[in-house]
Amino acid sequence: MTETTSAEASGDALRGSQANTGNKLQAKSVLTKIAAFVADRNIPFIVCSIGMIVMLLWAGKFKMTAPGAEGIIPLVTNSPLTSWQFKVFGPYIGSDMIGATEWTAAILLIIGYFKPKAGILGGIILVGMFFTTSTMLITTPDDTVLVRGIHYMNNLGLFLFKDIISFGVAFYLISYYGRKAIMAENQR
């Protein structure tokens, strides 16, 4: 007997079959038909994975340039989780290491299309990376502006805030690749 994960069950419900009973569920309203269409075509996975891969390759390559390294100095040096890296390696090698980590995660996500466990590993790297950069919202000075007594995120704050969204996407990718890996393990 195989165990159905909650994500599989919800995906099966959207696609029109109930995992444990074999009863067919039909999308009837326009909204549920749209949801079924999106689920059937794995659109969330396609958009999230391709978007993440492109962002990682692009950002990783930029961090391997002098302007990219210099641009992250205030972020890295103010973070208790990463400041040691620039102290030990300097900003240029430290930034190259960050860029190489992003490229490694992107390549693992690509390999994950064919070997899901590689995608899981890429997602785990992303969780660590985006957790770390998300904490920079707290440690980086001048990431907000004060307008009439209320703090709002400025461009730097918004730049950092995107990593909170990416943190959630990383967990989604781990779960998607994980379901694929579980299915592959159970087919043996």
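Cut-offs and rules
- Residues numbered from 1 in each chain as written.
- Predicted model: local features only at pLDDT ≥ 70, side-chain atom pairs only at ≥ 80, totals over all residues.
- Heavy atoms only, no water.
- Helix = DSSP H or I, 4+ residues; strand = E, 2+ residues; numbered from the N terminus.
- Buried < 20%, exposed > 50% of the residue type's maximum accessible area, 1.4 Å probe, protein only.
- Areas by Shrake-Rupley, 256 points an atom, 1.4 Å probe, with all protein chains shown as cover.
- Axes fitted to C-alpha atoms, helices over the stretch in contact; angles between N-to-C directions.
- Parallel < 35°, antiparallel > 145°, perpendicular 65-115°, else oblique.
- Left-handed = near helix turned anticlockwise from the far one by under 90°.
- Contact = heavy atoms within 4.5 Å.
- Nonpolar A, V, L, I, M, F, W, Y, C, P; charged D, E, K, R; others polar.
- Pairing = 2+ DSSP bridges.
- pLDDT = per-residue confidence, 0-100.
- Phe/Tyr/Trp six-rings, centres within 6.5 Å; stacked < 30°, edge-to-face > 60°.

1. Description of the overall build of the protein chain
When helices and strands are tallied, the protein chain shows 8 helices and 2 strands. Secondary structure elements of the protein chain occur, N-terminal to C-terminal, as α-α-α-α-α-α-α-β-β-α. Relative to its full complement of 188 residues, the protein chain shows a buried share of 34%. In the structure as shown, the protein chain presents an accessible area of about 11,600 Å², 68% of it carried by carbon and sulfur atoms.

2. Considering unusual backbone geometry
Not every positive phi belongs to a glycine, and asparagine 42 is a case in point at roughly 55°. Considering the arrangement of structural elements, one finds asparagine 42 in the loop between α2 (30–40) and α3 (43–63). Positive phi is not limited to glycine here, since arginine 148 has a value of about 50°. Note that arginine 148 resides in the loop between β1 (144–147) and β2 (150–153). Note on arginine 148: relative accessible area 85%, which makes it exposed.

3. Considering the packing of helix α5 (residues 83–112) against helix α6 (residues 116–134)
For the pair α5 and α6, the least separation of the axes is 6 Å and the interaxial angle reads 150°. By the angle between their axes, α5 is roughly antiparallel relative to α6. The two elements α5 and α6 cross, and the hand of that crossing is left-handed. Contacts between α5 and α6 involve Thr101, Glu102, Thr104, Ala105, Leu108, Leu109, Ile111 and Gly112 on the former and, on the latter, Pro116, Ala118, Gly119, Leu121, Gly122, Gly123, Ile125, Leu126 and Met129. Residues belonging to the contact of α5 with α6 are distributed by class as follows: 10 nonpolar, 6 polar and 1 charged.

4. Topic: the pairing of β2
Looking at chain direction, β1 and β2 are connected through 4 bridges and run antiparallel. Within β2, the residue paired with valine 147 across the bridge is isoleucine 150. Count of turn residues in the β1/β2 antiparallel hairpin: 2 residues, of which arginine 148 carries a positive phi of about 50°.

5. Some thoughts on the confidence of the model for the protein chain
Looking at the protein chain as a whole, the pLDDT averages 89, with 88% of positions reaching at least 70. Contacts from residues 1–9, a stretch scored under 50 in pLDDT, to residues over four places away or in other chains number 8 contacts. Long-range and interchain partners of residues 16–21, a stretch whose pLDDT sits below 50, account for 11 contacts in this model, where long-range means more than four residues apart.

6. Here's the deal with the packing of aromatic side chains
Tallied over the entire structure, the rule returns 8 aromatic pairs. Counting every residue linked through ring pairs, the aromatic cluster contains Phe45, Tyr113, Tyr172, Tyr176 and Tyr177.

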